[in-house]
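Summary of the model geometry
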Amino acid sequence: MNWTRRGFLGRSLAGLVATIAAPRLTPAQSPSRPGARGAAVLCSRGETWGRKVNDPAWKILGGGGASLDAVIAGANIVELDPEDQSVGYGGLPNEEGVVQLDASVMSGKLKKSGAVGALERIKTPSKVARLVMERTDHVMLVGEGALRFARAHGLEEANLLTEKSRLAWLKWKENLSDKDDWLPPADGVYAEPARVTGTINVLAIDRAGDMAGCTTTSGLAWKISGRLGDSPIIGAGMYVDNEIGAAGATGRGEEVIKTCGSYAIVEAMGRGTPPEQACREALQRIVHWTRENPDFDVKYVALRRDGEAACVGLRGRKDKPPQCSIRTAAGFRVINGSYLYEIPGTAMR
Ligand code: ASP
């Protein structure tokens, strides 16, 4: 292969220069004025969780509060609810049966971000991510160090593994292989438990025109201990630029990390691409890097600074489109998003 280091560096540099030189609209040129439609909060889920998350967030925004407070208040609802098995307390554990949480926060106003990865024993990783942002000179803490940092700030510790999630893990473990010594109960009718994925993104703009974002998750169920997904990676699972907008990701984190998904969406919006098209282009990049009609899903949500929102999934069905929800002064609204591939089948929509 004719692939010299000099050639590689030359090509990389050319790419970088092209990226930096790509036209970026100044706030004055941009068609979207900050908060043109007033304050808004967007949650990456539809009706049920969307209302639960958007209500407390909107209470803050509607009262003139800050977008950062709003997104974390919204995220905390899911983190603290044991019924949700993909975020916070009650999340599905890793392959060793230990719940490890990832979260990130970003403040457009402060131009700062914070994140935690593989955090154990703390129900609200988004709060710890905020503390990393506001009370350290770092951006990310992981594992034992993140837990010690949370302890230093007095966060309460708890066993995050609920009985429901322990049983789901045990079923997975006992059915994993016939070459190990774990056996399902002889009388048990054991359905293979679904490998639930989840995550929640909350993005907001407040009355002052400042944006913030939060992504929080227990990550991929049964993951290898210490695995980080996209959620705590700034620019992958979430990204905010006060002058442009914000984006967040759910689904197969490995592909989102490789393609810098949320950053790519915000940058595209900055060049004038509408939010929905920006999400589609980021998904098409994943397809380009993997395969046509992939058997995994990724969903992107985007909130432009004027309040224009979008939600696009890799996969969907006409009767089950990817959804997100938005709350503004006009009320609560579920957004039925578009998708690239119909399940099952290969038709582009
Ligand atoms: N994006 C998350 C991760 O890869 C999982 C998910 O959203 O389902 O950790």
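Residues numbered from 1 in each chain as written. Predicted model: local features only at pLDDT ≥ 70, side-chain atom pairs only at ≥ 80, totals over all residues. Heavy atoms only, no water.

Within an unreviewed UniProt entry, the label attached to the chain reads N(4)-(Beta-N-acetylglucosaminyl)-L-asparaginase, and the organism entered is Eiseniibacteriota bacterium.

1. Side note on the UniProt feature "binding site: substrate" (unreviewed entry) in the chain
Where we set the bar: UniProt positions are given in the numbering used here, feature names are shortened, and annotations may be inferred rather than shown by experiment. We count a stretch as a helix when DSSP gives it H or I for four or more residues in a row; a strand needs E for two or more, and each element gets its number in order from the N terminus. Contact definition: two residues touch when any of their heavy atoms are within 4.5 Å.
Residues given the UniProt feature "binding site: substrate" (unreviewed entry) here are Arg 227, Leu 228, Gly 229, Asp 230, Thr 250, Gly 251, Arg 252 and Gly 253. Looking at the secondary structure, you find Thr 250 in strand β8 (residues 245-251). When neighbours within four sequence positions are excluded, Thr 250 is seen to be in contact with Ser 44, Gly 198, Thr 199, Asn 201, Asp 297, Val 298 and Lys 299. For Arg 252, the position within the fold is in the loop between β8 and α7 (253-258). Those residues in contact with Arg 252, other than ones at most four positions away along the chain, are Phe 296, Asp 297 and Val 298.

2. A few points about the pattern of salt bridges
Operational definition: One side-chain nitrogen of Lys or Arg within 4 Å of one carboxyl oxygen of Asp or Glu is enough to make a salt bridge. Throughout, exposure labels follow a simple rule: accessible area from a 1.4 Å probe, protein chains only, divided by the maximum for the residue type, with under 20% read as buried, over 50% as exposed, and the rest as partly exposed.
Under the criterion given, the structure shown has 20 salt bridges. The shortest N-O distance in the salt bridge between Asp 81 and Lys 52 comes to 3.9 Å. Of this pair, Asp 81 sits in the loop between α3 (67-80) and β2 (101-107) while Lys 52 sits in helix α2 (residues 47-62), placing them 29 residues apart in sequence. Using a relative accessible area of 18% as the deciding quantity, one classes Asp 81 as buried. Salt-bridge contacts for Glu 342 lead to Lys 318; the nearest nitrogen and oxygen are separated by 3.8 Å. Of the two residues, Glu 342 is situated in strand β13 (residues 338-342) and Lys 318 in the loop between β10 (309-316) and β11 (323-328); the sequence distance between them amounts to 24 residues. A cluster of three or more residues bridged by salt bridges with shared partners is formed by Arg 227, Arg 252, Glu 254, Glu 255 and Lys 258.

3. What to know about the site of the ligand
Our working definition: Residues are classed as near a molecule or strand on a simple rule: at least one heavy atom within 4 Å of it. Pairing of N or O atoms within 3.5 Å defines a polar contact, subject to two protein rules: one partner must be a possible hydrogen donor and the other a possible acceptor, and residues neighboring in sequence count only if both atoms are side-chain atoms. Accessible areas in this description were obtained via Shrake-Rupley with a 1.4 Å probe; residue shielding takes into account the shown protein chains only.
Every residue close to the ligand is listed here: Thr 197, Gly 198, Thr 199, Gly 219, Leu 220, Arg 227, Gly 229, Asp 230, Thr 250, Gly 251 and Gly 253. Side-chain polar atom of Asp 230 to a nitrogen atom of the ligand: 2.7 Å apart, as the coordinates give it. In the environment of the ligand, an oxygen atom lies 3.0 Å from a nitrogen or oxygen atom belonging to the backbone of Gly 253. Burial of the ligand by the surrounding chains reaches 100%, relative to a free accessible area of 270 Å².

4. Brief notes about the sheet that holds β10
Filter applied, for reference: What makes two strands pair is DSSP finding at least two bridges between them. Note on geometry: axes are C-alpha line fits, over the in-contact stretch for helices, and angles between N-to-C directions span 0 to 180 degrees.
The sheet built from 5 strands is open, its strands ordered β7-β8-β9-β10-β13 with mixed pairing. Since the sheet does not close on itself, it has two edges, and those belong to β7 (238-241) and β13, each with one partner. Shown here is a sheet whose adjacent strand axes are inclined to one another by a mean of 10°, direction ignored. Two strands pair when backbone bridges link them, and β10 and β13 are joined in this way by 4 bridges, in the parallel orientation. Its bridge partner being in β13, Val 312 is matched across the sheet by Ser 338.

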